[in-house]
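Okay, here's what each chain looks like letter by letter:
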Amino acid sequence: MSGARRARASGPVQRSVEVDLGERSYPIQLGSGILAAAGGEIARHTKAHHAVVVTVPGVGRRYAPRLLRSLKEAGLRAHRVEVPDGDATKNLTQVKRLYDALLARGADRHSVVVALGGGMVGDLAGFAAASYLRGIPFVQVPTTVLAMVDASIGGKVGVNLPQGKNLVGAFHQPKLVWIDVETLRSLPSRQRAAGFAEVVKAGAILDLGFFEHLEGEGVAEALMDLDPEVLLPVLERACAIKADVVARDEREGGLRMLLNFGHTLAHAVETLTGYRKVLHGEAVAMGMVYAARRSEALGTTPAGTAQRLARLLQRFGLETELPPFARSAYLTALRVDKKKRDARIHFVILRGIGRAETLPLTLAEIAPAARRGGAKRRR
Ligand SMILES: NC(=O)c1ccc[n+]([C@@H]2O[C@H](COP(=O)([O-])OP(=O)(O)OC[C@H]3O[C@@H](n4cnc5c(N)ncnc54)[C@H](O)[C@@H]3O)[C@@H](O)[C@H]2O)c1
Ligand SMILES: [Zn+2]
């Protein structure tokens, strides 16, 4: 692979992937039980004298003391700032609160913002770091599967506006991504499964061998159980796939769009359910199976592709059928998601497992067909 290199792991770090972005390159380091060793590496990669750890109460209570202790042991002044949990918190009010907290604690260019939590914290804290004093160093310590393999890699940071999700943001690459898989022990299994949907996605669009590995006997189940022997190499591979895409297409020219596989319908499902009942990764699982079926119908992928994908996702306990909203509701929701005005969406289709590309399709071509006998459905 060109962009991501498997780097040598040393000390407590068991696996390492390099995100190759020239002078903005950074390592993703993975291990089991390595949280207490983060401080030294954060100091080394940022040269910071001061760290502000941003987290949510549930995660902070469990993991912030260990992280703060290790930062102090490494010679940094270290503070903890909490933001309320929930994606609704990823907003400009909280960004302002973070600026206030950074100022109150004397944060300057020698300070580092450390995001400890899921993708919500990473996006929010990252955006504060990107904009405070026109940008100060930033480190990701992701604690959800989704944040480990997806949100913490690639430098996209930002917040929601009342008008829509992720409408304000920046590109601000972290100096280091520090992944301790032991933190996943407290993550509810539904959240775990939702994160593994993005892992399956990485294989489905770019790596047949990896997908086949995930299909192997007992692998999905071992992942859900967080068996480190199985989990670490799988997370490493998923991180390497994302890192490679980012290295080759930092600002979303084309390749990075493939990561949107399953996401067109996922966003529609999230809109239609009001972002409540369905987790993002759960919606992605449904959207991927749907997109694979569309690919079969378009003749780009062999019959059976969608079923194969569905079977794997179901082993994580994921639902693979779209909720039964009317076609008209899907059409409306798809229109909301469309940021550009042109009539077509770059819809990601499969060319067999492990290969994907985008096709410009109209909303009418993308939306689910009216169900037989189901035109007038509830909701
Ligand atoms: N920047 C990107 O490239 C990118 C990519 C994908 C998603 N995202 C963003 O990421 C966010 C979703 O991330 P997420 O799925 O991690 O959600 P999240 O950050 O909201 O975390 C999900 C829930 O799990 C809890 N949690 C986190 N770690 C835990 C742990 N170890 N133990 C127990 N509970 C824990 C959180 O407090 C929260 O309640 C969204 O805001 C999305 O827009 C960003
Ligand atoms: Zn996603």
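Residues numbered from 1 in each chain as written. Chains lettered and ligands numbered in written order. Predicted model: local features only at pLDDT ≥ 70, side-chain atom pairs only at ≥ 80, totals over all residues. Heavy atoms only, no water.

Visitor: Is there a simple way to explain the overall build of the chain in this structure?
Guide: Regarding its fold elements, the chain presents 14 helices and 12 strands. A compact globule built from 379 residues should have a C-alpha radius of gyration of about 21 Å, and the chain, at 20 Å, falls within 12% of that. When the backbone C-alpha atoms are referred to their principal axes, the chain occupies close to 65 × 45 × 35 Å. Relative to its 379 residues, the chain shows a buried fraction of 56%. Restricting the contact set of the chain to residue pairs at least 6 apart, pairs at least 24 apart contribute 72%. In the form shown here, the chain has an accessible surface area of approximately 16200 Å², with 50% of it arising from carbon and sulfur atoms. Each charge sign in the chain was given a centre, from 54 positive and 37 negative side chains, and these centres are 6 Å apart. (Helix = DSSP H or I, 4+ residues; strand = E, 2+ residues; numbered from the N terminus. Rg over C-alpha atoms; globule rule 2.2 N^0.38 Å. Buried < 20%, exposed > 50% of the residue type's maximum accessible area, 1.4 Å probe, protein only. Contact = heavy atoms within 4.5 Å. Areas by Shrake-Rupley, 256 points an atom, 1.4 Å probe, with all protein chains shown as cover. Lys, Arg positive; Asp, Glu negative; His and termini not counted. Charge placed at Lys NZ, Arg CZ, Asp CG, Glu CD.)

Visitor: Looking at this model, I keep getting lost on the site of ligand 1. Mind explaining?
Guide: Near ligand 1 lie 22 residues; those nearest to it are D85, D87, T143, T144 and S186. The contact in question runs from a nitrogen atom of ligand 1 to an N or O atom on the side chain of D123, over 3.0 Å. Note that a nitrogen atom of ligand 1 is positioned 2.7 Å from one of the side-chain N or O atoms of T143. Contact with the protein chains hides 82% of the accessible area of ligand 1, taken as 870 Å² for the molecule alone. Mapped by element, the contributors of at least two residues to the shell around ligand 1 are helix 2 (57–73), helix 4 (119–131) and helix 5 (145–151). (Near = heavy atom within 4 Å. Polar contact = N/O pair within 3.5 Å; in protein donor to acceptor, adjacent residues only side chain to side chain.)

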